[in-house]
Amino acid sequence: PRTHSGKHLLYHNVVDKLFQRYKKEIKGGQRPTLRKILNRDVSAVATMILSVAHIFPKPKRNMQGSRKTFEIPQTKVELTDGWYGVM
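The present account deals with the structure reproduced in this document. Since this is a predicted model, take the numbers as computed values, not measurements.

Right, let's get into the pairing of strand E4 (residues 76-80). In this sheet, E4 lies alongside strand E1 (residues 51-56) in antiparallel orientation, the contact comprising five bridges. By the bridge assignment, Phe56 is partnered in E4 with Lys76. Relative to strand E5 (residues 85-86), E4 runs antiparallel, the two being bridged by two bridges. Along E5, the bridge assignment pairs Leu79 with Val86.

This is the structure we're talking about:
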């Protein structure tokens, strides 16, 4: 992040990307696959590339079964396509 932030996170670049997204989605009517899936317009088996945006660790919860206690991890993961995110 430190090496690329001075080249890519400039005001002009961010505004340019926002304008490109506006032209593509609002004016052109093209939506990303993740948004179509979240709106239930296409099946969730559609092919796409997602990346992990954030990992939210939670403390483990103890559950008692019939004979012993076991732990269930409660970690949540946020995935993104670069624009939209989903947990």
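Turning our attention to the environment of Arg31. On the secondary structure map, Arg31 appears in the loop between helix H2 (11-27) and helix H3 (33-38). Here Arg31 falls in the partly exposed class, since its relative accessible area comes to 27%. Separated by 10 residues in sequence, Arg31 and Arg21 place their C-alpha atoms 9.4 Å apart. Beyond its immediate sequence surroundings of up to four residues, Arg31 is in contact with Lys36, Asn39 and Asp41. Engagement of the side chain of Arg31 in a polar contact is seen with the side chain of Asp41, the distance being 2.7 Å.

This structure, assessed with the given rule, holds three salt bridges. Of the charged contacts in the structure, one is a salt bridge between Arg21 and Glu25, with a shortest N-O distance of 3.1 Å. One end of the pair is Arg21 and the other is Glu25, both in helix H2 and four residues apart, which spans about a single turn. Owing to a relative accessible area of 22%, Arg21 belongs among the partly exposed residues under this scheme. A residue is classified by how much of its surface remains accessible, and Glu25, at 9% relative accessible area, is buried. Overlapping salt bridges, with partners in common, bring together Arg21, Glu25 and Arg35 in one network.

Tracing the backbone shows Thr80 in strand E4. For Thr80, a relative accessible area of 15% corresponds to the buried category. A distance of 2.9 Å separates a polar side-chain atom of Thr80 from the backbone nitrogen of Gly82. Here the side chain of Thr80 touches Tyr84 through a polar contact of 2.8 Å, landing on its backbone oxygen.

Reading guide: rules and limits
- Residues numbered from 1 in each chain as written.
- Predicted model: local features only at pLDDT ≥ 70, side-chain atom pairs only at ≥ 80, totals over all residues.
- Heavy atoms only, no water.
- Pairing = 2+ DSSP bridges.
- Helix = DSSP H or I, 4+ residues; strand = E, 2+ residues; numbered from the N terminus.
- Buried < 20%, exposed > 50% of the residue type's maximum accessible area, 1.4 Å probe, protein only.
- Contact = heavy atoms within 4.5 Å.
- Polar contact = N/O pair within 3.5 Å; in protein donor to acceptor, adjacent residues only side chain to side chain.
- Salt bridge = Lys/Arg side-chain N within 4 Å of Asp/Glu carboxyl O.

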